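# Geometric and topological summary
Now for the letters of each chain:
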Amino acid sequence: GQNIDQPTEMTATEGAIVQINCTYQTSGFNGLFWYQQHAGEAPTFLSYNVLDGLEEKGRFSSFLSRSKGYSYLLLKELQMKDSASYLCAVYAIKAAGNKLTFGGGTRVLVKP
Amino acid sequence: SAVISQKPSRDICQRGTSLTIQCQVDSQVTMMFWYRQQPGQSLTLIATANQGSEATYESGFVIDKFPISRPNLTFSTLTVSNMSPEDSSIYLCSVETSGGAIKQYFGPGTRLTVT
């Protein structure tokens, strides 16, 4: 099976930085996704990492270490609209077919 | 990117009835998936909708309860059969694109309430 762990909830102040960690264990690893989901809406794609290292995309960056089974999503210059759930998802190649498995999600609350 | 639409966006259904959810994509895609998101929870994969063959179900999900159709590369349906209140959830269609990096996009979801 796959174990994907991320914190349940984080609180940060507007303008600050927050780092959401995700650890995973899986076979057939072929990349890690981060999604943002506002309440009542569908998940929105943020990033996909398949190689080790940091991928920067504006205020959001994502890091992957395959050897450690570890990723993080870094949110900089936090804005009130960043209050949402952030989902870590592992993409794996299995005999039965490719599969994306989600962690429990991290609810981020941005306070003024 | 892919633009995905789902119908209906929400429904309230009576116990014991069935509901069919439609998913339409604006481009041909090989991989289509159905997920469930129960209240306050993350997403759980129900099945992979295979074009031209039976869907591949995840552990805990069976064809009799969640029959799936995939008649072509842009359309799929998920039926929630013989519903009970435990089926109240958001059902999401998802597609995978692979022009370069792999990306997986989600439809807007169907919010189902079973009374």
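Here goes a summary of the coordinates provided. Just so it is clear, the structure is predicted and the values come from calculations on it, not from any experiment. Sequence order sets the numbering: in each chain, residues are counted from 1 along the sequence as written. Note on labels: chains are lettered from A, ligands numbered from 1, in written order. Residue-level local features of this predicted model are given only where pLDDT is at least 70; pairs of side-chain atoms are given and counted only at 80 or more, and the full residue set underlies all totals for whole chains, interfaces and linings. Only hydrogens and water are set aside; all other atoms, that is, all heavy atoms of the structure, feed into the side-chain values.

## Section: the interface of chain A and chain B
Note the cut-off: Contact definition: two residues touch when any of their heavy atoms are within 4.5 Å. When two parts are brought into contact, each loses some accessible area as probed by a 1.4 Å sphere; the total of that loss over both is the buried area. Note on definitions: salt bridges are taken to be side-chain nitrogens of Lys or Arg within 4 Å of carboxyl oxygens of Asp or Glu. Helix numbers and strand numbers start at the N terminus; a helix is a DSSP run of H or I with at least 4 residues, a strand a run of E with at least 2. Note that Gly is not counted as nonpolar here; it falls among the polar residues with everything else outside the nonpolar set of Ala, Val, Leu, Ile, Met, Phe, Trp, Tyr, Cys and Pro and the charged set of Asp, Glu, Lys and Arg.
Each partner contributes to the interface: chain A provides 19 residues, whereas chain B provides 19 residues. Between chain A and chain B, a total of about 1500 Å² is buried, with carbon and sulfur atoms accounting for 59% of that surface. In this structure, the connection of chain A to chain B is made through one salt bridge. Elements that contribute at least two residues to the side of chain A that touches chain B include exactly strand 4 (29–37), strand 5 (44–49), strand 9 (84–94) and strand 10 (97–102) of chain A. Along the lines of polarity and charge, the residues of the side of chain A that touches chain B split into 11 nonpolar, seven polar and one charged.

## Observations concerning unusual backbone geometry
Excluding glycine, most residues fall at negative phi; most peptide bonds, likewise, are trans. This is how it is decided: Between buried and exposed lies partly exposed: a residue is buried under 20% and exposed over 50% of the maximum accessible area for its type, with that area taken using a 1.4 Å probe on protein chains only.
The step from Lys-7 of chain B to Pro-8 of chain B runs through a cis peptide bond, and the omega angle for that step is -10°. Relative to the assigned elements, Pro-8 of chain B resides in the loop between strand 1 (4–7) and strand 2 (10–13). At Glu-77 of chain A, a residue that is not glycine, the phi angle is positive and equals roughly 45°. Here Glu-77 of chain A shows up in the loop between strand 8 (70–75) and strand 9. With a relative accessible area of 55%, Glu-77 of chain A lands in the exposed category. Unusually for a residue other than glycine, Asn-82 of chain B sits at a positive phi of about 45°. Counting through the fold element by element, Asn-82 of chain B comes out in the loop between strand 8 (75–80) and strand 9 (89–97).

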